[in-house]
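# Summary of the model geometry
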Amino acid sequence: MTKKALRIVYMGTPEFAVAPLEEIIKSGYEVVGVVTTPDKPAGRGQKMAESAVKKYAVSQNLTLFQPEKMKDPEFINQLQQLNPDVIVIVAFRLLPKEVWSIPKLGTFNLHASLLPQYRGASPINFAIINGDKESGVTTFFIDDKIDTGEILLQAKTEIEDSDDAGILHDKLKNLGKQLVVKTLEGLSEGTLKPQKQILKEGVEYKYAPKLFKEDCQIHWDAPLENIHNLIRGLSPYPAAFTHLSINGESKILKIYKGHYKIEKHILDIGTVCIEGKKTFKIAAADGFYFLTEVQLEGKKRMGISDFINGLTIKHNLKAN
């Protein structure tokens with residue numbers, strides 16, 4: 001089957017999913033339909049918000065579907081009428097068998113990890129939270145379970161010490177769009193040999209579940225390296241936080257960037273020390289964490305100097 005003859009249905013929602021769709025179109029493939037989530041109210045004004053994939057699909061005059069339920073008979077019939085050779089999924093919802101079994105060449109997903117590691121909803125975050133030095137992307141066939149299908153292709157990248165979840169997201173987005181096109185080429189040419197997901201002997205399995213608010217709270221009695229990785233792994237979203245007590249009043253302080261220093265001290269864990277106009281550090285069990293970019297509840301995100309200057313009280317501060 002030639003490239004131009006391949007009929008593709010694309011399914012995705014967030015900004016991460018736009019790049020592969022754009023690359024598919026640039027590479028000359030025919031996208032016969034795009035499926036994304038329905039518009040939903042968002043923000044303080046609860047205005048109806050469109051997904052990033054919808055915005056791009058509309059800009060390219062692509063046929064768009066926004067089904068409320070993936071098992072809706074009308075939607076399934078519409079997919080069958082499109083007669084796709086392959087369905088490509090990037091950051092989308094779980095599909096029923098009635099959908100993923102439609103294409104002749106199968107349905108494959110792009111996952112932001114080196115499967116079988118980090119199955120789940122938050123692979124980018126957990127790779128950094130766990131202090132990994134390597135990450136990557138995987139294309140794999142969809143089956144009855146979540147993220148367990150046969151692997152088609154993988155690509156790797158290093159995680160630098162300075163990387164946060166936002167930086168790694170962009171690295172994997174660029175890797176992923178290229179891998180999706182390579183996978184389409186392999187499927188159309190019949191050159192791919194799907195491999196079962198097997199964890200290498202002696203390697204610990206790591207999971208990437210959905211993140212909840214309680215997962216984002218910093219515990220200052222943890223090792224500083226773990227605290228730093230948590231902050232990096234949750235920046236810029238959803239952001240690690242601590243409760244900052246200012247004269248007895250507790251406010252949420254999100255921490256986006258910082259660094260740490262291992263050293264002995266006699267301060268209580270969570271004690272805040274402000275030195276001049278540029279240093280705001282919090283005592284942990286094995287040293288101090290130096291905050292460099294933060295956001296106090298009710299305020300905008302800012303550098304630490306601006307944050308210190310805006311504090312009316314610079315004493316009796318406690319993080320917990």
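Before reading on, note that the structure itself is shown above.
What comes next is a walk through the structure. Here the residue numbering is sequential within each chain, running from 1 through the sequence in written order. Owing to the predicted nature of the model, reporting of local features is limited to residues with pLDDT of at least 70; listing and counting of side-chain atom pairs is limited to 80 or more, with chain, interface and lining totals taken over all residues. To obtain the side-chain values, all non-hydrogen atoms of the structure were included, while hydrogens and water were left out.

### Details of helix α1 (residues 18-26)
Those residues of α1 lying buried are Val18, Ala19, Pro20, Leu21 and Ile24. The elements touched by buried residues of α1 are β1 (7-12), β2 (30-35), α2 (52-59), β6 (86-90), β7 (107-111) and α6 (165-189). Secondary structure follows DSSP: runs of H or I at least 4 residues long count as helices, runs of E at least 2 residues long count as strands, and numbering of each begins at the N terminus. Gly28 sits one or two residues past α1 and shows a positive phi near 95°. Here's how the labels work: a residue is buried when its accessible area is under 20% of the maximum for its type, exposed when over 50%, partly exposed in between, all with a 1.4 Å probe on protein chains only. Contacts were defined at the residue level, with two residues in contact if any of their heavy atoms lie within 4.5 Å.

### Details of the nonpolar core
Residues enter a nonpolar core if they are buried and are Ala, Val, Leu, Ile, Met, Phe, Trp, Tyr or Cys, with the set joined through side-chain atoms within 4.5 Å. Leu184, Phe280 and Phe307 are the most contacted members of the largest nonpolar core, which totals 73 residues. The leading source of residues in this core is α6, at 9 residues. Formed by 20 residues, the second largest nonpolar core is a distinct cluster that contains Val35, Phe65, Phe92 and Trp100.

### Thoughts on unusual backbone geometry
For the bond running from Leu115 to Pro116, omega is 10°, close enough to zero to count as cis. Along the chain, Pro116 falls in the loop between β7 and β8 (119-120). For the bond running from Ser235 to Pro236, omega is 10°, close enough to zero to count as cis. Looking at the secondary structure, you find Pro236 in the loop between α7 (224-233) and β12 (240-246). Phi is positive for Asn61, close to 60°, though the residue is something other than glycine. Following the sequence through the fold, Asn61 ends up in the loop between α2 and β5 (64-65). The exposure class assigned to Asn61 is exposed, which follows from its relative accessible area of 73%. For Asn83, which is not glycine, the phi torsion reads 55° and is therefore positive. Relative to the helices and strands, Asn83 resides in the loop between α3 (73-82) and β6. Assessed through its relative accessible area of 39%, Asn83 is described here as partly exposed.

### A short note on the packing of aromatic side chains
A pair of Phe, Tyr and Trp rings is counted when the ring centres sit within 6.5 Å of each other, with Trp represented by its six-membered ring. The angle between the planes then sorts it: under 30 degrees is stacked, over 60 is edge-to-face, the rest tilted. Summed over all chains, the structure comprises 3 aromatic pairs. Ring centres 6.3 Å apart and planes at 65° place the aromatic pair Phe65 and Phe75 in the edge-to-face group. With Phe65 in strand β5 and Phe75 in helix α3, the pair connects residues that are 10 residues apart, well separated along the chain. Summarising the aromatic geometry, the rings of Trp220 and Tyr289 are spaced 6.4 Å apart at their centres and angled 50° between planes, so their arrangement reads as tilted. One end of the pair, Trp220, is in the loop between β11 (207-208) and α7; the other, Tyr289, is in strand β16 (residues 287-296), and 69 residues separate them in sequence. Only when the NZ atom of a Lys or the CZ atom of an Arg is both within 6 Å of the ring centre and within 35 degrees of the ring normal do we say a charge sits over the ring. Between Arg301 and the ring centre of Tyr256, over which it is positioned, the NZ or CZ distance is 3.9 Å.

### Things to note about the pattern of salt bridges
Salt bridges are defined by distance alone: a side-chain nitrogen of Lys or Arg within 4 Å of a carboxyl oxygen of Asp or Glu. One pass over the full model with this rule turns up 14 salt bridges. The residue Lys173 makes a salt bridge to Glu15 at a minimum N-O spacing of 2.7 Å. Linking Lys173 in helix α6 with Glu15 in the loop between β1 and α1, this pair joins segments that are 158 residues apart in sequence. On the basis of relative accessible area, Lys173 is assigned to the buried category, the value being 15%.

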